[in-house]
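Chain residues, written in single-letter form:
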Amino acid sequence: MGDNAIEVEGLGKRYLLGEDAGGTMRETLAGFARRRGRRPQRSELWSLRDVSFEVPQGSALGLIGRNGAGKSTLLKVLSRITEPTTGVSRTRGRVGSLLEVGTGFHPELTGRENVYLNGAILGMGRRDTNRRFDEIVAFAGVERFLDTPVKRYSSGMYLRLAFAVAAHLDAEILLVDEVLAVGDAEFQRRCLGRMASVEREGRTVVFVSHNLDAIVRLCPTCLWLDQGEVVELGPTSVVADRYLAAGVQQIEQKVFDEVPGARASLRALSVRNSDGTATSVLRRDEPFTIEVAVSVREPVRDLNLAVQVRTLRGVPVLNEAISDHPELHLGTPGEHVLRLEVPPVLNAGDYSIGLWLGTDFEDLAWEEDVVSIHLEGGVAGRPDRVLQLRLPWEIRPAE
Amino acid sequence: MTDRVASDAPWVENRPTRGRRALQLEELWAYRELVAFLAVRDIKVRYKQAVFGGAWAVVQPLASAAIFTVVFGRLAKVSSQGVPFLVWSFTAVTLWSYFSTAVNGARGSLLANAALITKVYFPRIAAPLASVLPGLIDLAVALVVLVGLLVWNGLAPGPELVLAPLFLVGTVLVAFGIGTLFAAVTVQYRDVQQVFGLVLQLWLFATPVAYPPTLVKGGWQWVYHLNPVVGLVEGWRWSILGTPAPGRQALVSLAVGVVTLVGGLRVFQRSERRFADVI
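The structure presented is a predicted model; accordingly, all values stated were derived computationally and were not measured.

**Student:** Mind laying out the overall build of chain A, listing which residues take part and the relevant values?
**Tutor:** The helix and strand tally for chain A stands at 8 helices and 18 strands. For chain A, with 399 residues in total, the buried portion stands at 36%. A sequence separation of at least 24 residues applies to 71% of the contacts in chain A between residues at least 6 apart.

This is the structure in C-alpha cells:
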C-alpha cells in the first residue's frame, strides 16, 4: 500500500441500457410480464473495464481519452458517487471533486452561504471552512458580492467562486473534470497555477481535460482510456503524444471528394520523401515534399493555397502560402500539382498537415489535420523543441 | 500546509455491494453539518422571497382547522370530545401538517438534490433526514398559536403534557421512515410523484384529524390503527387536551410505525448505490 493516495484494481462499471435502467412503473411491470416468458434482451455498456492503477500521494495523474472513454465514470467511482460493478477503488483522505463547475451551489443562497455549504458537502465543519474562507474569497475576487445570492452573479464570478471553493477546501485528493473548458485565458492561467500549488502542498490530483497542454504541465503521469479500457499508463509526454498520433489518421496521402459546382477544389495531398515515394514516416535529416493537387474549373482571381504544419499538441510550426511568392499564379482553369519542399529543420516527432484553399475574400476549402507524418531520428534528450536548425556556432578565444 | 496531508488517514473503499449494507451512523455523524446545512438551506430558500414569511406557517393550519370546524363541527355535527372544535382540530392539524410536509419533503429530497447526488459524494440518507427538519420550525410557530388558543379558551393541559414530545418524536420517525421509503421508490419510478399527493389526501381522512377516532366502531379499530399516525394523533391530543387516552389498539400503530421506519431505511439502503446512475 505504501504511500499511495489512490489505488484501483480491476475496476469495471456496467450500465444497463433500456428497460431496466429506470423509467416508469409501467415499463417495469411490462418487463415483469415479459420475463415470465423468456429473459428479456438488455443491452449493456461497460463504461469501465478492468482498470487498474495507483496514484502516489502528492502527485498528479492526468486522464485522457475521447468522449465516452470512461474518464468521467472513473472520477465518479473514485469519488464514491457511484458504485463499481467489479473491482475496487480505494482512496485515502478526504476527496473533493469538481466534476462540474458550480456543483453544490444553490442559486438562492448567497456566496458566503454557498462556500459553507460546499465545505459541509466535503464533510468539513464550519470552523475548518472558516480557516480557508478569506483565501477562497480573495482568489475568486467576489468580496463585494459575498452576501448576494449567487443567482445574481455573472457567469465569470460564479465560475471563479466555484473553482476557488473546490481548490482551497481541505481535500487531500482533488478530482477535477474539464473545468478549464470554460472561462477566459486569465482565469485558466490562475486555475492552472492554483492546481500546481495544490500539488506542491502534497495533495493528490486527478485531472481530466481535453487541454493536453495543461495535462502535460500539471501531471507527470497520464492514463489513456479508450472505451473503458486502459490503453496506456506512463509518463505524460510519451502517453500524450501516442494518444494524439492515434487521433490523426496515419496515412501519407489523402484524396478529396469532388465538390460539385466549386470553382476550385482540393483533389489530393501526399507527402513524399527525398526519393519521391509517398510515405508517412520520414527521416528527420532529409528534406521532404508536400504535394497538393488542385482542380480549377473557372478562373479565380488571386487563388491562394496554404499548407499548415502543426505539432500534435496543436502548435502551428509552418504556414506556407503561395501568395508569399508574387511570381506564382494558380487561378487558371485546369489540373495543377503544387510541390512544397520542407528542408530538414523540424525536430523528430509527429506532425499533422492541413490545407487551405481560397482568396482574400472567401474560403473555398479548409481541411485541418488531413495527414499525419512522423519524423524519425532526432537527437535524443531534447524532445521539447519544435525546430532543430543546427544554427552556426562560433567559438574563439576571448580578447 | 503539508500537515493537512493525512498519510495516516484510513482507506475508504468503493466496491460492489454484496448483500446488505450496514447503516453507517458513524459516517452520518461526520456529515451532521451537511444535514444541518441542507435543512437550513431549505428553510432559507422557502422564506427568502416570501413576503409574509413565517406567517404562512400559521395561516395554513389555522385555515384547515377553520374549514374542518365549519364542515365537520357545524354542518356534520361531529363530536369534538368535549373540547371547542377549533382548538380540538387545530391540535391535530399541527401534527398532521408537520407529518405531511415532512413525508413529502423526504420523498422528494433525492430529486431536489439530484444535482448534488450525481456530482458529489455524501451519505445519501442525509438528504431525507435533512428534509424532515424544516417542518419543525413551522410546527413550533403553529404551537405558539395553539398555546394562544388554549389560553383564550381557558384550557389548561394536565400532567400528560410531559409525554407530548414523545408523540412528536414518534411522528418525526414515522415521517422519516415513510419518506425514505418513497424517496427511494420515486428515484426509480417518477409515477410516485403524481400519486403521492392523492395518497396524502386520503391519508388525512384515514387519520382522526377532523373527526374523533371513536367514529370507527368495534373490531375495525384494530384495522384503523394500522395507520401509525392514528395512534400518534390520539396520543398527541390526549397529552395536550386531555381527550381519551389511546387504547390497546395504539400498540398496532406503534408496531406498524417501527416496521415502517426499519423497512424504509432498509429499502433506501438497498437502492442507494444506484441513485446516481438512475436519477
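**Student:** How would you explain the sheet that holds strand 18 (residues 363-376) of chain A if you had to name every residue and give the values?
**Tutor:** Strand pairing in a sheet is mediated by backbone hydrogen bonds. Such pairs are either parallel or antiparallel. All names here are of chain A. Ordered by their spatial adjacency, 5 strands build an open sheet running 12-18-17-14-15, and the pairing between neighbours is mixed. Because the sheet does not close on itself, it has two edges, and the strands there are strand 12 (281-283) and strand 15 (316-321). Here the strands of the sheet are splayed against their neighbours by 30 degrees on average, with no regard to which way each runs. Relative to strand 18, strand 17 (residues 349-358) runs antiparallel, the two being bridged by 9 bridges.

**Student:** Can you lay out unusual backbone geometry for me, pointing to particular residues and giving the numbers?
**Tutor:** Residue and element names in this part refer to chain A. Even without glycine at this site, Arg80 takes up a positive phi of about 70 degrees. Within the chain, Asp302 stands out as a residue other than glycine whose phi angle is a positive 55 degrees. Examined against the element boundaries, Asp302 turns out to sit in the loop between strand 13 (288-296) and strand 14 (304-311).

**Student:** Can you break down the pairing of strand 5 (residues 95-98) of chain A residue by residue, with the values?
**Tutor:** All names here are of chain A. By the alternation rule, side chains of strand 5 split into Val95 and Ser97 and Gly96 and Leu98, which are all buried. Relative to strand 6 (residues 173-177), strand 5 is paired through 4 bridges, and the arrangement is parallel. Within strand 6, the residue paired with Leu98 across the bridge is Val176.

**Student:** A description of the sheet that holds strand 3 (residues 60-64) of chain A should follow, citing residues and the corresponding values.
**Tutor:** Residues and elements named next belong to chain A. Sheet architecture is open: 6 strands sit in the order 5-6-7-3-8-9, paired in mixed fashion. Since the sheet does not close on itself, it has two edges, and those belong to strand 5 and strand 9 (229-235), each with one partner. Along the sheet, successive strands turn relative to each other by an average axial angle of 15 degrees, direction set aside. Two strands pair when backbone bridges link them, and strand 3 and strand 7 (residues 204-208) are joined in this way by 4 bridges, in the parallel orientation. Paired with Ala60 across the bridge in strand 7 is Val205.

**Student:** Describe the interface of chain A and chain B, and please don't skip the residues or the numbers.
**Tutor:** In this assembly, 44 residues from chain A lie in contact with 38 residues from chain B. Per-class residue counts for the side of chain A that touches chain B are 13 nonpolar, 18 polar and 13 charged. Judged from the 4 bridges that link them, strand 4 (residues 86-92) of chain A and strand 1 (residues 11-14) of chain B form a sheet pairing that is antiparallel. Within strand 1 of chain B, the position partnered with Arg92 of chain A by the bridge is Trp11 of chain B.

**Student:** Give a detailed account of the environment of Gln60 of chain B, specifying residues and quantitative values.
**Tutor:** Residue and element names in this part refer to chain B. If you trace the backbone, Gln60 turns up in helix 3 (residues 55-75). The class of Gln60 is partly exposed, set by 15 C-beta atoms lying within 10 Å. Separated by 37 residues in the primary sequence, Gln60 and Ser97 have C-alpha atoms spaced 8.8 Å apart.

**Student:** Account for the nonpolar core, naming residues and giving values.
**Tutor:** Core analysis: the biggest nonpolar cluster contains 130 residues, and Leu175 and Phe207 of chain A together with Ala126 of chain B have the highest contact counts within it. Sequence-distant contacts of Leu175 of chain A, defined by excluding residues within four places in its chain, comprise Leu75, Leu78, Ser79, Val95, Ser97, Leu98, Leu99 and Val206 of chain A. Counting 25 residues, the second-largest nonpolar core is a separate cluster that includes Ala264, Leu282, Val296 and Val370 of chain A.

Conventions and cut-offs
Residues numbered from 1 in each chain as written. Chains lettered and ligands numbered in written order. Predicted model: local features only at pLDDT ≥ 70, side-chain atom pairs only at ≥ 80, totals over all residues. Helix = DSSP H or I, 4+ residues; strand = E, 2+ residues; numbered from the N terminus. Buried ≥ 20, exposed ≤ 12 C-beta atoms within 10 Å, placed from the backbone. Contact = placed C-beta atoms within 7 Å. Pairing = 2+ DSSP bridges. Axes fitted to C-alpha atoms, helices over the stretch in contact; angles between N-to-C directions. Nonpolar A, V, L, I, M, F, W, Y, C, P; charged D, E, K, R; others polar. Core = buried A, V, L, I, M, F, W, Y, C linked by C-beta atoms within 7 Å.

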